[in-house]
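In case you want the letters, here they are:
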Amino acid sequence: MTATLPETTGATRGLPSLGPEGTRLLRLLDDTFESWGVSAGARPMTMPPLLPAADLARLDYYDNFPHQAVLAAPLDLEKRLTTPFDGTHGHWPAAALEPAGLGLPSASCYAVYLDHQGRQVADDTLVTVCSWCFRKETHYEGMRRQLGFRMREIVAIGTREHAEDHLTAFTARVDAFAEAVGLSLRKEAACDPFFDKGGSKALLQRLTPVKYEFLYEDLAIASVNTHRNFFGERCAITLASTGGPAFTSCVAFGLERWLSALTRRHGGWEAATRAVLDAAGPVI
């Protein structure tokens, strides 16, 4: 069963808002996914919505995802007087802005790795966060494709085995939950340019994909990602047991995309919420 997505305001600008029904379902989903992490031993954390652009650059973010990057810059209080707001095009001209020293990340996990930089961690560290994320897109479409959206992630930091076992366990959990809520998902390998395109790690990625997406129809609503020791090396996150760089992996849920998939499948907020309550009630 499919249906027209319940209306939200601001959808064509990539900044949709949710009414009471959508807000309830979004919170229900997030509570469910967070509980999965907590039951596995993850520490819930809250991360800042902005990160230093210099830190993201050190993680090759602007080389790997330049098409998605969104930056924040304060007004230059003197130059704004001679370079006023452009009401015709709806933006401040670059000449009126100070340098953009802050970035709006496209995924929640970047802040987790930066928060752990320079630290030793246990072999089986788990963290769960839900953050606002931002991606510049060629077009926006309701809750399917947005400029600003919320992403729940459960992040593993530790040994290679811990990172791999984390993805195995949560892949099974995503599959079981999707079946319980009536979503037929397909799992597909996806490219994620965390590694130099011409290097040996890029060859390894082609042989052993580092990212799998769970798609409902043509929409990716969740993913499992392994970064090997990339963030461990770049952020100097080391294992207390060996002193070597930590391995990382994460499972990610685009909350608004789940809303889109569930309401398309069940026809509206009430039926979608009931499906999630029936599937996740004992877990929460």
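Residues numbered from 1 in each chain as written. Predicted model: local features only at pLDDT ≥ 70, side-chain atom pairs only at ≥ 80, totals over all residues. Heavy atoms only, no water.

The protein goes by Seryl-tRNA synthetase in an unreviewed UniProt entry, where it is assigned to Streptomyces roseolus.

Thoughts on the sheet that holds strand 2 (residues 51-52)
Strand pairing in a sheet is mediated by backbone hydrogen bonds. Such pairs are either parallel or antiparallel. The strand order across the open sheet built from three strands is 2-4-3, with neighbouring strands paired in antiparallel fashion. The strands lining the two open edges of the sheet, one partner per strand, are strand 2 and strand 3 (70-72). Pairing of strand 3 with strand 4 (residues 102-104), which is carried by three bridges, proceeds in the antiparallel orientation. Residue pairing in the sheet places L71 in a bridge with G103 of strand 4. (Pairing = 2+ DSSP bridges. Helix = DSSP H or I, 4+ residues; strand = E, 2+ residues; numbered from the N terminus.)

Structural notes on the sheet that holds strand 12 (residues 247-254)
With respect to topology, seven strands assemble into an open sheet ordered 1-6-7-12-10-9-8, the strand pairing being mixed. In this open sheet, the two strands that pair with only one neighbour each are strand 1 (43-44) and strand 8 (185-190). Across two bridges, strand 1 lies against strand 6 (residues 124-134) in parallel orientation. Residue pairing in the sheet places P44 in a bridge with T128 of strand 6. Strands strand 1, strand 6, strand 7 (148-158) and strand 12 of the sheet are contacted by helix 1 (residues 20-39), whose axis makes an angle of about 5° with strand 7. Together, strand 6, strand 7, strand 8, strand 9 (211-216), strand 10 (219-228) and strand 12 form the strand contacts of helix 6 (residues 160-180), whose direction differs from that of strand 12 by roughly 20°. (Contact = heavy atoms within 4.5 Å. Axes fitted to C-alpha atoms, helices over the stretch in contact; angles between N-to-C directions.)

Side note on the pairing of strand 7
Most of strand 7 sits out of view: 10 of its 11 residues are buried. By the bridge criterion, 11 bridges tie strand 6 to strand 7 in an arrangement that is antiparallel. Within strand 7, the residue paired with W132 across the bridge is R150. When strand 7 meets strand 12, the two strands line up antiparallel, connected through eight bridges. (Buried < 20%, exposed > 50% of the residue type's maximum accessible area, 1.4 Å probe, protein only.)

Looking at empty space enclosed by the protein
Under the defined criterion, the tally for this structure stands at one cavity of 30 Å³ or more. Its volume calculated, the largest cavity comes out at about 40 Å³. Together, P48, P49, L51, P105, A107, S108, A111, S131, W132 and C133 line the largest cavity. At three residues, strand 6 tops the list of elements feeding residues into the lining of the largest cavity. (1 Å grid on protein atoms, 1.4 Å probe; cavity = no way out; pocket = protein on both sides within 12 Å on 5 of 7 lines; lining within 4 Å. Points joined across faces, edges and corners; volume = space filled by probe spheres on them.)

Looking at unusual backbone geometry
Despite not being glycine, D60 shows a phi value in the positive range, around 65°. Take D60: it is sitting in the loop between helix 2 (53-58) and helix 3 (61-64). When its relative accessible area of 14% is taken as the criterion, D60 is described as buried. Phi at E217 takes a positive value of approximately 55°, unusual for a residue other than glycine. On the secondary structure map, E217 appears in the loop between strand 9 and strand 10. The exposure class assigned to E217 is partly exposed, which follows from its relative accessible area of 29%.

So, the packing of aromatic side chains
What the rule picks out here adds up to 15 aromatic pairs. A centroid spacing of 3.9 Å and a plane angle of 10° characterise the contact between F33 and F253, whose relative ring orientation is stacked. Separated by 220 residues along the polypeptide, F33 in helix 1 and F253 in strand 12 bring together distant segments of the chain. Just as F33 is buried, F253 falls in that class too. On the basis of an interplanar angle of 80° and a centroid distance of 5.3 Å, the ring pair of Y61 and Y110 is categorised as edge-to-face. (Phe/Tyr/Trp six-rings, centres within 6.5 Å; stacked < 30°, edge-to-face > 60°.)

Observations concerning the nonpolar core
Of all hydrophobic cores here, the largest spans 35 residues; its most connected members are L29, F177, L183, F253, W258 and V276. Taken together, the elements giving at least two residues each to this core come down to helix 1, strand 7, helix 6, strand 9, strand 10, strand 12, helix 9 (255-266) and helix 10 (269-280). It is helix 1 that contributes the most residues to this core, six residues altogether. Leave out the neighbours within four places in its chain, and F177 touches L29, T32, F33, W36, W258, V276, A279 and A280. Ranked by size, the runner-up nonpolar core spans 30 residues in total, among them L59, V121, F149 and A252. (Core = buried A, V, L, I, M, F, W, Y, C linked by side-chain atoms within 4.5 Å.)

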